[in-house]
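Architecture and fold: a report
These are the residues of each chain, in order.
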Amino acid sequence: MDGMYDVVVLGLGPGGEDVAGRLAEAGLNVAGVEAGLIGGECAYWGCVPSKMMVRAAGLLAEARRVPGMAGAVRVSPKWAPVVDRISGEATDGWSDDAKVEQFESRGVHLVRGRGRITGPREVTVDGRVLRARRGIVLATGTSPAVPPIDGLEGTPYWTNRDAVAAPHAPESLIVLGGGAVGCELAQVFARFGTRVSVVEAADRLLAQEEPEAGVLLARVFAGEGLETHVGVAAERVRHDGDGFTLTLEDGRALRAARLLVATGRRTDLAAIGAGDAGLDESARFVSVDGRMRAADGVWAVGDVTGRGAYTHVAVYQGRIAARDILGEGGPPADYRAVPRVTFTDPEVASVGLTEREAREAGLDVRVGFASVSESARGWIHGAGHEGFVKLVEDARRGVLVGATSAGPAGGEVLGALVVAVQNEIPTTRLRHMMYAYPTFHRAIEDALETLDGQT
Ligand SMILES: Cc1cc2nc3c(=O)[nH]c(=O)nc-3n(C[C@H](O)[C@H](O)[C@H](O)COP(=O)(O)OP(=O)(O)OC[C@H]3O[C@@H](n4cnc5c(N)ncnc54)[C@H](O)[C@@H]3O)c2cc1C
Ligand SMILES: NC(=O)c1ccc[n+]([C@@H]2O[C@H](COP(=O)([O-])OP(=O)(O)OC[C@H]3O[C@@H](n4cnc5c(N)ncnc54)[C@H](O)[C@@H]3O)[C@@H](O)[C@H]2O)c1
């Protein structure tokens, strides 16, 4: 049955779910279209299940740190409780039945199926035409980008979806891609006894972060028995009954029972009919202005906008889009202080610009650095204390434009740095305040003291 609505939201991951709910609660007649599960990648195959895996693996790592610090403990990893938590608590067996009621109770009309824009302010789902008086919100997210490596297509390689639903930790695993997905999952499986090799084409792990972060992580991975191959591309993949052989461009061959492809994400704007909404469907992402407007009667939020593939970005943008659609005004989107946390151990957390990005932007850059393991808290903490705080200052203005906090609770320490970068708090003011002793965040104070020329 066709329908007329105020707004049609296409895709109900964290971004779309949030916009649709807000608009419906404000009294608009809203249709939310979802091809998969309400909650999207984050709830079922991304953030939530992967962080449950990280938590379980972290417990094993902490137990292994007991000798030399607190006695003895025998660690016998078991994957079954992880499977139970993910399929039970996190994903309800990959069913959103329980969520539907909660979602519809906000007043949104749920339309199941794959939608496509078929004209201005018009979406078609399985032959059913949905028209939108005010417009359409695109929130269709991304899917794994699989590189065109000889022999890869057609093999039973894993993506993040298979990894979070794995019934067992495999005996061995090659992880292709050393970004956030690859690093988090590589460490998880290794801690459960899987023999893991990570292959990263760039010259370091977490290539988009400060170089010190990738170097630190490679060192920690080596200490935990993971093999890391950086600066080398994969040339060929073969799969036989027993597993995968990945041949690197330098001729070395890696062999493992499983292969996880974690080489980034992609959109398919042609598949959602973006051209029919006046958008460039050959583009990688939907480009939006500060109010999330992409074209007349079209807004876009979340991963599909390419402004940082994080749930908090999707929800932040969703709030701005909802305000704009409701004519409520408010500040436009501001991406100076997008926080990023890779939940490895140590956590690698960052905000704003890296040193290199700041220099490329032509800023007069000063850098501050402090080692967490050499801080009072790091020394007290002992095993598992690796980390650092790095500050990137725009010296002319005397404010931080970027920062990285790697270490135990690196993501929590980041909070203070996000406030500093977002609000351009002068570094002189940051230096003349107190940092509780002996916290991990005190390393911020140590790093501030190393900013050249500070008084
Ligand atoms: C393994 C992993 C771990 C992650 N961990 C974190 C983390 O710890 N913290 C963090 O902030 N981010 C994390 N992310 C990123 C996070 O999952 C995404 O940034 C977030 O899900 C983006 O939300 P979204 O609403 O833009 O899109 P998505 O969550 O991708 O949702 C899009 C929805 O649109 C639907 N859809 C697509 N096309 C159509 C169509 N044509 N018709 C109808 N429906 C459609 C899809 O089925 C999907 O449900 C992780 C990602 C991965 C893969
Ligand atoms: N904790 C978090 O917030 C979290 C966790 C996971 C994912 N995410 C989000 O999801 C996005 C996607 O994560 P991702 O790790 O898939 O992508 P990514 O872009 O972060 O990393 C992909 C890596 O794969 C490498 N690569 C690409 N092609 C390759 C090839 N052929 N061989 C070897 N290496 C190759 C790239 O150089 C890059 O370092 C991230 O950008 C992040 O925004 C966030």
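Before any of the text, the structure's been laid out above.
Residues numbered from 1 in each chain as written. Chains lettered and ligands numbered in written order. Predicted model: local features only at pLDDT ≥ 70, side-chain atom pairs only at ≥ 80, totals over all residues. Heavy atoms only, no water.

Two cysteines form a disulfide when their sulfur atoms are joined by a covalent bond. Per the stated rule, a full pass over the model turns up 1 disulfide. Between the sulfur of C42 and that of C47 lies a disulfide, 2.5 Å long from S to S. Residues C42 and C47 share a disulfide whose torsion about the S-S bond is about -130°; that sign makes it left-handed. The class for C47 is partly exposed, based on a relative accessible area of 30%. Of all cysteine sulfurs, the one in C47 lies closest to C183, which takes part in no disulfide; the gap is 17 Å. The class for C183 is buried, based on a relative accessible area of 0%. (Disulfide = S-S within 2.5 Å. Buried < 20%, exposed > 50% of the residue type's maximum accessible area, 1.4 Å probe, protein only.)

The environment of ligand 2 is made up of 21 residues, and the closest members are V181, E184, E200, A309 and V341. Between E200 and ligand 2, the recorded distance is 2.6 Å, taken from a side-chain N or O atom to an oxygen atom. Contacts to ligand 2 include A309, whose backbone N or O atom sits 2.7 Å from an oxygen atom. Considered on its own, ligand 2 offers 840 Å² of accessible surface; in the complex 77% of this is hidden by protein. Sorting the residues of the shell around ligand 2 by element identifies α7 (180-191), β9 (195-200) and β18 (339-342) as the ones contributing at least two each. Here the shell around ligand 2 is composed, by residue class, of 11 nonpolar, 6 polar and 4 charged. Shared between two domains, the shell around ligand 2 holds at least three residues of each, these being domain 2 (145-264) and domain 3 (339-450). (Near = heavy atom within 4 Å. Polar contact = N/O pair within 3.5 Å; in protein donor to acceptor, adjacent residues only side chain to side chain. Areas by Shrake-Rupley, 256 points an atom, 1.4 Å probe, with all protein chains shown as cover. Helix = DSSP H or I, 4+ residues; strand = E, 2+ residues; numbered from the N terminus. Nonpolar A, V, L, I, M, F, W, Y, C, P; charged D, E, K, R; others polar. Domains from an automatic or database assignment.)

The next thing to look at is the pattern of salt bridges. Evaluation of the coordinates by the stated rule reveals 34 salt bridges. In this structure, R191 and D345 form a salt bridge, with 2.9 Å as the shortest nitrogen-oxygen distance. Residue R191 is found in helix α7, and its partner D345 is found in the loop between β18 and β19 (347-352); the two are separated by 154 residues along the sequence. For R191, a relative accessible area of 5% puts it in the buried group. For D345, a relative accessible area of 17% translates into the label buried. The residue E355 makes a salt bridge to K390 at a minimum N-O spacing of 2.8 Å. (Salt bridge = Lys/Arg side-chain N within 4 Å of Asp/Glu carboxyl O.)

Attention shifts here to the layout of surface pockets. Taking a probe equal in size to a water molecule and rolling it over the atoms shows the remaining empty space. Taken as a whole, the second largest pocket encloses approximately 350 Å³ of empty space. As for the second largest pocket, its lining consists of 22 residues, of which V54, G58, E62, R191 and D345 are closest to the centre. Contributing elements (two or more residues each) for the lining of the second largest pocket: α3 (47-64) and α7. With 7 residues, α3 is the largest single contributor of residues to the lining of the second largest pocket. Residues of the lining of the second largest pocket, tallied by class, amount to 9 nonpolar, 6 polar and 7 charged. Residues lining the lining of the second largest pocket come from more than one domain, with at least three contributed by each of domain 2 (145-264) and domain 3 (339-450). (1 Å grid on protein atoms, 1.4 Å probe; cavity = no way out; pocket = protein on both sides within 12 Å on 5 of 7 lines; lining within 4 Å. Points joined across faces, edges and corners; volume = space filled by probe spheres on them.)

There is a patch of nonpolar side chains on the surface, built from W379, I380 and Y437 and spanning about 440 Å² of accessible area. Turning to its location among the elements, W379 is positioned in helix α11 (residues 376-381). For W379, a relative accessible area of 68% translates into the label exposed. (Patch = residues over 30% accessible without salt bridge, like charges linked within 9 Å, V, L, I, M, F, W, Y side chains within 5 Å.)

So, about the site of ligand 1. E34, K51, G115, D303 and T311 are the nearest of the 38 residues found near ligand 1. Take E41: an N or O atom from its main chain is 3.0 Å from an oxygen atom of ligand 1. The contact in question runs from an oxygen atom of ligand 1 to an N or O atom on the backbone of T311, over 2.9 Å. Coverage of ligand 1 by the protein chains reaches 91% of its 1,000 Å² of free accessible surface. Breaking the shell around ligand 1 down by element, the ones donating at least two residues are α1 (14-25), β2 (30-34), α2 (40-44), α3 and α9 (311-325). Each residue belonging to the shell around ligand 1 can be placed in one class, and the counts come to 16 nonpolar, 16 polar and 6 charged.

To continue, consider the nonpolar core. Formed by 48 residues in total, the largest nonpolar core has its most connected members in L138 and V286. Setting aside anything within four residues of it in sequence, one finds L138 in contact with L10, I117, I272, L279, V286, V298, W299, A300, V301 and V304. Of all hydrophobic cores here, the second largest spans 42 residues; its members include A43, V164, F388 and A406. (Core = buried A, V, L, I, M, F, W, Y, C linked by side-chain atoms within 4.5 Å. Contact = heavy atoms within 4.5 Å.)

Bear in mind that shape data such as this cannot, by itself, settle questions of function.
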